[in-house]
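Coordinate inspection notes
The residues making up each chain are set out below.
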Amino acid sequence: MRSRSPLTLGVIALVRYVGARRSGARSLDGFPVRERVQVVVAGLVMAAAGAAWPVIAGWATGRPDAYLATEMSWWVNFIGRVHFVPLSPWFLTTAKWLGVGGVLMVVVLLVLYPVWLARRSTRKLGTTTLVFAAGYALYVFAVSLPMASTPRLLMPLAPLMGSPELVARPAMRWTLVAGALVLQPVFVAVLWLLGPP
């Protein structure tokens, strides 16, 4: 489940490689061999670290699916017992709690988020920020339920708040702050009333 960092690193390496090839340098001076080796080694180490917890949990408990079973136990009070299928949690949750309208909200989110990342003003944040924001959001969407801890999970996307249309207008800043304050009772209700904290 923890594949967001190697994915980000891989995409950044691919962008650098393609950029170096396009520059016409036969030796890829813009992306030296030493750095390419470092990227591959770092990616393999991160992938191994991400895969380690399921292996350790399976070895320690004698149950190969121990890690996934533990993660899925958190879902029971929200959507019942289901089999894990990547990219399905947000659809399952919104369908259960909000019906077809909730599923449509997820579809709209899946359309609007890439559009926001593709905007010229957002692209000014830099390739690394955008690639990480895309990969991390995909990770959160693919493996987690939208629930009270979602804002905490989305904190690594905070650099996107530096997008000019959010920070350049005082009205937008105050709207975001007011929205966060108004939603606090909703989060408290979800956390304390709809399931165990």
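Right, let's walk through the structure included here. (Residues numbered from 1 in each chain as written. Predicted model: local features only at pLDDT ≥ 70, side-chain atom pairs only at ≥ 80, totals over all residues. Heavy atoms only, no water.)

Topic: the nonpolar core
Within the largest apolar cluster, 15 residues are counted, with the highest numbers of intra-cluster contacts made by Tyr-113, Leu-117, Ala-133, Leu-157 and Leu-160. Of all the secondary structure elements, the ones that give two or more residues to this core are helix 6 (100-118) and helix 8 (127-143). If one sorts the elements of this core by residue count, helix 8 sits on top with 9 residues. (Core = buried A, V, L, I, M, F, W, Y, C linked by side-chain atoms within 4.5 Å. Buried < 20%, exposed > 50% of the residue type's maximum accessible area, 1.4 Å probe, protein only. Helix = DSSP H or I, 4+ residues; strand = E, 2+ residues; numbered from the N terminus.)

Some thoughts on unusual backbone geometry
With a phi close to 75 degrees, Leu-87 is a non-glycine residue in the positive phi region. Structurally, Leu-87 is set in the loop between helix 4 (76-79) and helix 5 (89-98).

Notes on the packing of helix 5 against helix 6
For the pair helix 5 and helix 6, the least separation of the axes is 6 Å and the interaxial angle reads 145 degrees. Remark: the crossing between helix 5 and helix 6 carries right-handed chirality. Judged by residue contacts, Trp-90, Phe-91, Thr-94, Ala-95 and Leu-98 of helix 5 engage Val-100, Gly-101, Gly-102, Val-103, Met-105, Val-106, Val-107, Leu-109 and Leu-110 from helix 6. Its residues assigned to classes, the contact of helix 5 with helix 6 comprises 11 nonpolar, 3 polar and no charged. (Axes fitted to C-alpha atoms, helices over the stretch in contact; angles between N-to-C directions. Left-handed = near helix turned anticlockwise from the far one by under 90°. Contact = heavy atoms within 4.5 Å. Nonpolar A, V, L, I, M, F, W, Y, C, P; charged D, E, K, R; others polar.)

Re the packing of aromatic side chains
In this structure the tally under the stated criterion is 6 aromatic pairs. Between the aromatic rings of Trp-90 and Phe-141, the centroid separation amounts to 6.0 Å while the plane-to-plane angle is 50 degrees, which identifies the pairing as tilted. Note that Trp-90 is positioned in helix 5 and Phe-141 in helix 8, a separation of 51 residues in sequence. For the pair Trp-90 and Phe-141, one class covers both residues: buried. Taken together, a centroid distance of 5.9 Å and an interplanar angle of 80 degrees make the contact between Phe-91 and Phe-141 edge-to-face. Taken together, the residues span a long stretch of sequence, with Phe-91 in helix 5 and Phe-141 in helix 8 at a distance of 50 residues. Phe-91 sits in the partly exposed class, given a relative accessible area of 26%. (Phe/Tyr/Trp six-rings, centres within 6.5 Å; stacked < 30°, edge-to-face > 60°.)

Comments concerning the pattern of salt bridges
Counted under the stated rule, the structure contains 2 salt bridges. Here Arg-16 and Glu-35 are joined by a salt bridge, their closest N and O atoms 2.7 Å apart. One end of the pair, Arg-16, is in helix 1 (residues 4-22); the other, Glu-35, is in helix 2 (residues 33-61), with 19 residues separating them in the sequence. Residue class for Arg-16 comes out partly exposed when judged on its relative accessible area of 33%. Put simply, Asp-65 and Arg-63 hold a salt bridge, and the shortest N to O gap is 2.5 Å. For Asp-65, a relative accessible area of 36% gives the class partly exposed. (Salt bridge = Lys/Arg side-chain N within 4 Å of Asp/Glu carboxyl O.)

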